[in-house]
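Here is how the chains run, residue by residue.
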Amino acid sequence: MTLTTGGSYTVTDEDTPAYRIVTPGVEETLGRLAFQASTESIDIRAVALKLTGAASNTPKDLLNLKVKFYDAANPSVSIGQADFINEGDTATGTLAVGS
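This one's a predicted model, so the numbers in the text were calculated from it and none came from an experiment. (Residues numbered from 1 in each chain as written. Predicted model: local features only at pLDDT ≥ 70, side-chain atom pairs only at ≥ 80, totals over all residues. Heavy atoms only, no water.)

A look at the overall build of the chain
So, point 1. Per the secondary structure count, the chain includes zero helices and six strands.
So, point 2. When the helices and strands of the chain are placed in sequence order, the string is β-β-β-β-β-β.
So, point 3. Scored against the burial criterion, the 99 residues of the chain give a buried share of 13%.
So, point 4. Within the chain, contacts between residues at least 6 apart in sequence are counted, and of these 43% link residues at least 24 apart.
So, point 5. For the chain, the accessible area works out to roughly 7600 Å², and carbon and sulfur atoms hold 51% of it. (Helix = DSSP H or I, 4+ residues; strand = E, 2+ residues; numbered from the N terminus. Buried < 20%, exposed > 50% of the residue type's maximum accessible area, 1.4 Å probe, protein only. Contact = heavy atoms within 4.5 Å. Areas by Shrake-Rupley, 256 points an atom, 1.4 Å probe, with all protein chains shown as cover.)

Here you go:
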């Protein structure tokens, strides 16, 4: 048995689509992030987001001021969402544990 004092994880951009104009009311992929753990297993329980470039992007641009999260292994089922409250630039999304 090998013991460690802790693990770590990295988050990488996995082929985020380029900027484009989209059809209102249609779900679109805004980004793809990969979470990779090392040394030990982890469960991602929450993700914090911050919208930048406020001159051209605001939460009003997002349908219902929210974004949804999906697991790449099962991309048709949402595992959580983050809401931009009061049209603020930050949101925290809670994810289904073990997803």
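Don't stop here, the text continues.
Some thoughts on the sheet that holds strand β5 (residues 74–83)
Neighbouring strands of a sheet are bound in pairs by backbone hydrogen bonds; such pairs are parallel or else antiparallel.
So, point 1. Spatially, four strands are ordered β3-β6-β5-β4 in an open sheet, and the strand pairing comes out antiparallel. Across the chains shown, the open sheet's two edge strands, defined by having one partner strand only, are β3 (46–50) and β4 (66–71). Each strand axis lies, on average, 35° off the axis of its neighbour in the sheet, ignoring direction.
So, point 2. Note: β5 against strand β6 (residues 90–95), three bridges, orientation antiparallel. Across the sheet, Ala 82 pairs through a bridge with Gly 93, a residue of β6. (Pairing = 2+ DSSP bridges. Axes fitted to C-alpha atoms, helices over the stretch in contact; angles between N-to-C directions.)

Section: the pattern of salt bridges
So, point 1. For the structure shown, the criterion picks out two salt bridges.
So, point 2. One salt bridge connects Asp 15 with Arg 32, and the closest N-O pair in it is separated by 4.0 Å. Placement of Asp 15 in the loop between β1 (8–13) and β2 (33–38) and of Arg 32 in the loop between β1 and β2 is noted, with a sequence separation of 17 residues between them.
So, point 3. Owing to a relative accessible area of 43%, Arg 32 belongs among the partly exposed residues under this scheme. (Salt bridge = Lys/Arg side-chain N within 4 Å of Asp/Glu carboxyl O.)

A closer look at the pairing of β6
So, point 1. Because side chains alternate across β6, one face comprises the buried residues Ala 91, Gly 93 and Leu 95, and the other comprises Thr 90, Thr 92 and Thr 94, none of which is buried.
So, point 2. Here five bridges tie β3 to β6, and the two strands are oriented antiparallel to one another. Of the residues in β6, the one forming a bridge with Lys 50 is Thr 90.
So, point 3. Hairpin geometry of β5 and β6 is characterised by an intervening segment of six residues between the two adjacent antiparallel strands and by a positive phi of about 55° at Asn 86.

Description of the nonpolar core
So, point 1. Ranked by size, the top nonpolar core spans ten residues in total: Ile 44, Val 47, Leu 62, Val 67, Phe 69, Ile 79, Ala 82, Phe 84, Ala 91 and Leu 95.
So, point 2. Of all elements in the fold, only β4, β5 and β6 reach the threshold of two or more residues within this core. (Core = buried A, V, L, I, M, F, W, Y, C linked by side-chain atoms within 4.5 Å.)

Re the confidence of the model for the chain
So, point 1. Across the chain, the average pLDDT comes to 79, with 84% of residues at or above 70.
So, point 2. The least confident element of the chain, judged by mean pLDDT, is β2 at 84; the most confident is β3 at 87. (pLDDT = per-residue confidence, 0-100.)

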